[in-house]
Amino acid sequence: MEAEEEYLEAEENLEAIITRIEHKSRKIETLLKQSKPVDALKTALEGSALKTRDERCKSANWIVVHRAVMAIKDVDGMISSLDPEYYDILMKYLYRGLATGDRPTCDQCLRIHEKLTEKAGLGCILRSLSDTVNTV
Amino acid sequence: MVNFISIDDGRAVGQEVHDPHPHRNQLANPSNPCESIPFSLTPTSPLQSTSVPPSSRSPRLNWSEQIDTGSSIYSHVLLSISKDSTMANTIRLYLTCIRNTLEAAMCLQNFPCQEVERHNKPEVELNTSPELIMNPVLICRNEAEKCLIETSINSIRISMKVKQADELENILAKKFLRFLSMRAEAFQVLRRKPVQGYDISFLITNYHCEEMHKHKLIDFIVQFMEDIDKEISELKLSVNTRGRLVATEFLKQFI
């Protein structure tokens, strides 16, 4: 009985998450048109549903973050203006980007990875490796 | 030959412009270890089968093509320079990323086997208990080159796929890496068989970390990745040279 309730609750949440991601992607498009890539990335990273296990939500969120990451031109400026609480989430998405194998994505992710490691340290990398609860 | 190019790497210009055989030096260019540029300016002979496919040419070549055909060496130099700087940058970033990830991931401690008494096995190879294994990380440089790093509590497995541009490099890489893997005992950290889908694998356990310095192990791995590309380029160069010499000698009798 309890398991069923949890299952239904999770289903509802999935729909809510997907609508939230769509809403986010529209907001990001407008921010990118206004040439605010850093704000776009912040919007993309916040509210990421990390605890969910559903692949669709994760892929949808990844597409949104990918769009924001590829639009970044000034990496140093972006990292200095980003809140430290987003470092871990960004690092997880960077590793996801590096796993794609697509050349421009990998180039951009490698660039940001170097700068982010300098700022956030090796602990950030280790948290992205060892965290199995909040996955991207 | 006069050149008014202002470039970062003056050494490469000196090497290429004054060289009567530019195509030969290209492959041995030390500032570009990872790319064997098969770009030949000499009249094509049946033995020189390699040529740059149009898709991999640098965009700057279009501008240089407008230069008079008499200065083809000039455009060749520009191609090599622009390729040098972007290639060098990407490989530097790729190796930095791998080095940082390894530094973070190589935190190993002794951990006796949980299932069997008095056994001590590298957990990354067994893959049985999820609490002992960390998320595997795949770092791709492009579609051809990638590196998979899997960590566990007492061991780390690093698998690499090296760049193989054409059939010849494919065969050379396979032979060379098989040669190394068969002598894995001497390397200690090398795995006898590469992981499925990769060319070569390393297995580092907590015992290796106790005997050897961690930073030296990481230096070794990164240096290995740099040297592999250089080795394969050299092998390819020697195969092509030898083939050309042999064929020249053989065909002389028909002149």
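Just so you know, these numbers come straight off a predicted model, no measurement behind them. (Residues numbered from 1 in each chain as written. Chains lettered and ligands numbered in written order. Predicted model: local features only at pLDDT ≥ 70, side-chain atom pairs only at ≥ 80, totals over all residues. Heavy atoms only, no water.)

### Quick notes on the packing of aromatic side chains
Residues and elements named next belong to chain B. Applicable threshold: The aromatic pairing rule takes the rings of Phe, Tyr and Trp, using the six-membered ring of Trp, and pairs them if the centres are within 6.5 Å, calling planes under 30 degrees apart stacked, those over 60 edge-to-face and the rest tilted. Per the convention used, a helix needs a DSSP run of H or I reaching at least four residues, while a strand needs a run of E reaching at least two, with both numbered from the N terminus. Burial here depends on accessible area, computed with a 1.4 Å probe over protein chains only, as a share of the maximum for the residue type. Under 20% is buried, over 50% is exposed, and the range in between is partly exposed.
Here the structure, examined in full by the defined rule, presents six aromatic pairs over all chains. For the ring pair Phe-202 and Phe-220, a centre distance of 6.1 Å and an interplane angle of 90 degrees mean the geometry is edge-to-face. Of this pair, Phe-202 sits in strand E4 (residues 200-205) while Phe-220 sits in helix H9 (residues 214-252), placing them 18 residues apart in sequence. According to the relative accessible area criterion, Phe-220 is partly exposed, its value standing at 31%. Note on Phe-202 and Phe-224: the rings are 5.1 Å apart at their centroids and 90 degrees apart in plane angle, and the pair reads as edge-to-face. Within this pair, whereas Phe-202 is found in strand E4, its partner Phe-224 is found in helix H9, the two being separated by 22 residues in sequence. Across this residue pair, the class does not change: Phe-202 and Phe-224 are buried.

### A few points about the confidence of the model for chain B
Atom-level detail of predicted coordinates should not be read off regions where pLDDT is low. Put simply, the rule is: Residue-level confidence of the predictor is what pLDDT reports, using numbers from 0 through 100.
Counting all residues, the mean pLDDT for chain B is 77, and 67% of those residues have values of 70 or more. The complex prediction reports pTM at 0.74, with the ipTM value standing at 0.88.

### Topic: the state of the cysteines
In protein chemistry, a disulfide is the covalent bond that joins the sulfur atoms of two cysteines. Residues and elements named next belong to chain B. Worth spelling out the cut-off: Disulfides are defined as pairs of cysteine sulfur atoms found within 2.5 Å of each other.
Following the criterion strictly, the structure yields zero disulfides over all chains and no others. Of all cysteine sulfurs, the one in Cys-147 lies closest to Cys-97, which takes part in no disulfide; the gap is 8.9 Å. Residue classification places Cys-97 among the buried positions, given a relative accessible area of 2%.

### What to know about the interface of chain B and chain A
Counted only if it meets this: Pairs of residues are marked as contacts when any of their non-hydrogen atoms sit within 4.5 Å. Values labelled buried area give the accessible surface lost by two parts on being combined, using a 1.4 Å probe and summing over both. The working definition used for a salt bridge is a side-chain nitrogen of Lys or Arg within 4 Å of a carboxyl oxygen of Asp or Glu.
Listed by partner, the interface residues are 21 residues for chain B and 21 residues for chain A. Here chain B packs against chain A, burying approximately 1800 Å² in sum over the two surfaces, 64% of which is carbon and sulfur. Interface area lost by chain B to chain A is led by Leu-93, Asn-135 and Cys-140 of chain B, which between them contribute 27%. Linking Arg-92 of chain B and Glu-114 of chain A is a salt bridge whose minimum nitrogen-to-oxygen distance equals 3.4 Å. Secondary-structure elements contributing two or more residues to the side of chain B that touches chain A are helix H4 (72-105) and strand E1 (137-140) of chain B. Counting residues per element, the side of chain B that touches chain A draws most heavily on H4 of chain B, at eleven residues.

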